Amino acid sequence: MPIYEYVCADCNNKFEELVFKNDEEVQCPKCNSKNTKKLMSLCRSRVSGGNSLDSLSSSSGGSSCAGCSGGNCATCGG
Ligand SMILES: [Zn+2]
């Protein structure tokens, strides 16, 4: 389930909320105002395209084998 971060425009309270529907009204737990705004996702390390270093190294055909660490021996064909 997606957790979003919200900020309340009335009291500037920041809070996290489970959201089931996209345009669900979220109430501030501090002042009960519905004048809240959704912030960007908390997961800043995640790139939406999935082009992180991890996925690059694991999907590029295995540049290293168990016999070497540099990916340049006869076993890995490099
Ligand atoms: Zn509030």
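Predicted model, so just to flag it, every value in this text is computed and none were measured.

*Asks:* Any chance you could explain the overall build of the protein here in plain terms?
*Replies:* Looking only at helices and strands, one finds one helix and three strands in the protein. Every one of the 78 residues in the protein was classed for burial, and the buried ones make up 18%. For the protein, long-range pairs separated by at least 24 residues make up 27% of all intrachain contacts whose partners lie at least 6 apart in sequence. Just so you have it, the protein exposes about 6200 Å², and 47% of that area is on carbon and sulfur atoms.

*Asks:* Which parts of the structure should I look at to understand the coordination of the zinc ion?
*Replies:* Geometry sets the ideal angles at a metal, namely 109.5 degrees for four tetrahedral donors and 90 or 180 degrees for six octahedral donors. In this structure, C8 (SG), C11 (SG), C28 (SG) and C31 (SG) serve as the protein donors to the zinc ion, at separations of 2.2 to 2.3 Å. One can describe the site at the zinc ion as tetrahedral: its four donor atoms subtend angles covering 107 to 115° at the metal. Ordering the donors of the zinc ion by residue number gives the pattern C-x2-C-x16-C-x2-C. Here C28 falls in the buried class, since its relative accessible area comes to 0%. C31 gets classed as partly exposed once you look at its relative accessible area, which sits at 34%.

*Asks:* Just to check I follow, could you spell out the sheet that holds strand β3 (residues 36-38) for this structure?
*Replies:* The strand order across the open sheet formed by three strands is β2-β1-β3, and the pairing between neighbours is antiparallel. Single-partner strands in this sheet number two, and they are β2 (14-18) and β3. Strand-to-strand twist in this sheet, taken as the mean axis angle between neighbours without regard to direction, amounts to 40°. Of the pairings in the sheet, the one linking strand β1 (residues 3-8) to β2 comprises five bridges and is antiparallel in character. When the sheet's bridge partners are listed, Y6 is paired in β2 with F15.

*Asks:* Would you explain the packing of aromatic side chains in this entry?
*Replies:* Each aromatic ring pair is specified by the distance between its two centres and by the angle formed by the two planes. In the structure shown here, the tally under the stated rule is one aromatic pair. Taken together, a centroid distance of 5.9 Å and an interplanar angle of 15° make the contact between Y6 and F15 stacked. Here Y6 matches F15 in class, with each residue buried. Positioned above the aromatic ring of Y4 is the side chain of K38, whose terminal nitrogen or guanidinium carbon lies 4.2 Å from the ring centre.

*Asks:* What should I look at first to understand the pairing of β1 in this one?
*Replies:* For a regular strand, side chains alternate in direction, first toward one face of the sheet and then toward the other. Across three bridges, the pairing between β1 and β3 is antiparallel. Residue V7 lies in a different strand from β3, and its bridge partner there is K37.

Thresholds applied
Residues numbered from 1 in each chain as written. Predicted model: local features only at pLDDT ≥ 70, side-chain atom pairs only at ≥ 80, totals over all residues. Heavy atoms only, no water. Helix = DSSP H or I, 4+ residues; strand = E, 2+ residues; numbered from the N terminus. Buried < 20%, exposed > 50% of the residue type's maximum accessible area, 1.4 Å probe, protein only. Contact = heavy atoms within 4.5 Å. Areas by Shrake-Rupley, 256 points an atom, 1.4 Å probe, with all protein chains shown as cover. Donors = N, O, S within 2.8 Å, 3.2 Å for Na, K, Ca; no water. Tetrahedral: all angles 85-135°; square planar, octahedral: opposite > 155°, others 65-115°. Pairing = 2+ DSSP bridges. Axes fitted to C-alpha atoms, helices over the stretch in contact; angles between N-to-C directions. Phe/Tyr/Trp six-rings, centres within 6.5 Å; stacked < 30°, edge-to-face > 60°. Lys NZ or Arg CZ within 6 Å of the ring centre and 35° of its normal.

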